[in-house]
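# Secondary and tertiary structure notes
Spelled out, the chains give:
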Amino acid sequence: MSQNAFPTDLREIGLKVTAPRMKVLEFFQENADSHFSAEEVYMALAKDNSDIGLATVYRVLTQFEQAGILLRSHFESSKGDSRAIYELNEGNHHDHLVCLDCGHVEEFVDSAIEKRQNEIAKSLGFKLQEHSLAMYGHCQKKNCRNKKK
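Residues numbered from 1 in each chain as written. Predicted model: local features only at pLDDT ≥ 70, side-chain atom pairs only at ≥ 80, totals over all residues. Heavy atoms only, no water.

## Focus: the side chain of Ser-50
Looking at the secondary structure, you find Ser-50 in the loop between α3 (38-47) and α4 (54-67). With residues up to four places along the chain from it excluded, the contact list for Ser-50 reads Lys-23 and Leu-45. (Helix = DSSP H or I, 4+ residues; strand = E, 2+ residues; numbered from the N terminus. Contact = heavy atoms within 4.5 Å.)

## As for a nonpolar patch on the surface
On the surface, Tyr-42, Met-43, Leu-54 and Tyr-58 cluster together into a nonpolar patch covering about 340 Å² of accessible area. When contributions to the nonpolar patch are tallied by element, the ones reaching two or more residues are α3 and α4. Mapped onto the elements, Tyr-42 comes out in helix α3. (Patch = residues over 30% accessible without salt bridge, like charges linked within 9 Å, V, L, I, M, F, W, Y side chains within 5 Å. Areas by Shrake-Rupley, 256 points an atom, 1.4 Å probe, with all protein chains shown as cover. Salt bridge = Lys/Arg side-chain N within 4 Å of Asp/Glu carboxyl O.)

## Considerations on the sheet that holds strand β4 (residues 105-108)
Judged by pairing direction, the sheet is mixed, and its three strands sit side by side in the order β4-β3-β5 without closing on themselves. Looking at the sheet topology across the chains shown, the edges are occupied by β4 and β5 (134-137). Adjacent strand axes in the sheet meet at a mean angle of 25 degrees when their direction is disregarded. Here strand β3 (residues 95-99) pairs with β4 via four bridges, running antiparallel. Looking at the pairing, Leu-97 lines up with Glu-106 of β4. (Pairing = 2+ DSSP bridges. Axes fitted to C-alpha atoms, helices over the stretch in contact; angles between N-to-C directions.)

## Considerations on helix α5 (residues 111-123)
Over its 13 residues, α5 extends 18 Å from the first C-alpha to the last, a length consistent with the 18 Å expected when each residue adds 1.5 Å. Taken as a whole, α5 has its buried residues at Glu-114, Gln-117 and Ala-121. An end-on view of α5 places all buried positions within 65 degrees of arc, on one side of the element. For α5, the exposed residues set more than 90 degrees away from the buried face come down to Ser-111, Ala-112, Lys-115, Lys-122 and Ser-123. The secondary structure elements touched by the buried residues of α5 are β3. Looking one or two residues beyond α5, the residue adopting positive phi is Gly-125, at roughly 85 degrees. (Expected span 1.5 Å × (residues − 1). Buried < 20%, exposed > 50% of the residue type's maximum accessible area, 1.4 Å probe, protein only. Arc of directions from axis to C-beta.)

## Describing the environment of Thr-62
Looking at the element boundaries, Thr-62 is found in helix α4. As a C-alpha pair, Thr-62 and Pro-20 span 42 residues in sequence and 13 Å in three-dimensional space.

## Quick look at the packing of helix α2 (residues 19-30) against α3
Packing of α2 against α3 brings their axes to within 11 Å, and their N-to-C directions diverge by 100 degrees. Classified by the angle between their axes, α2 and α3 sit roughly perpendicular to one another. Residues Lys-23, Val-24, Phe-27 and Phe-28 of α2 touch α3, and the partners they reach there are Val-41, Ala-44 and Leu-45. Residues of the contact of α2 with α3, tallied by class, amount to six nonpolar, no polar and one charged. (Parallel < 35°, antiparallel > 145°, perpendicular 65-115°, else oblique. Nonpolar A, V, L, I, M, F, W, Y, C, P; charged D, E, K, R; others polar.)

Set out below in structure tokens:
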């Protein structure tokens, strides 16, 4: 998507083009392969000297989720608390693997898992409409860039 397409896309989905919306949208476009909490988005924008408050970030994230621009997932930490994580909606299904140590999220697609989930649903008398799978574990990579020191 070109930068010129952002305002048109926002208008097409019924959102007025504002500086905060553009900054949040550009942030997710530039970091399309990552997942962020509202606080992480706020801190990243603050580092770039954006004058956007945390409440505005929450409001824009909610608007973008409702418009289908972003996807929201809730992942649990090793402490048992849950936090909302947002990612750009690129239209393709994937599942998540979440590190219990640092919270890093890896996306993956596995056709065997998808097939098995459909088989299970069918055997129980369901036709799947949607689903999400999040698996939790401890990263075993020696040089994990996400591990907290």
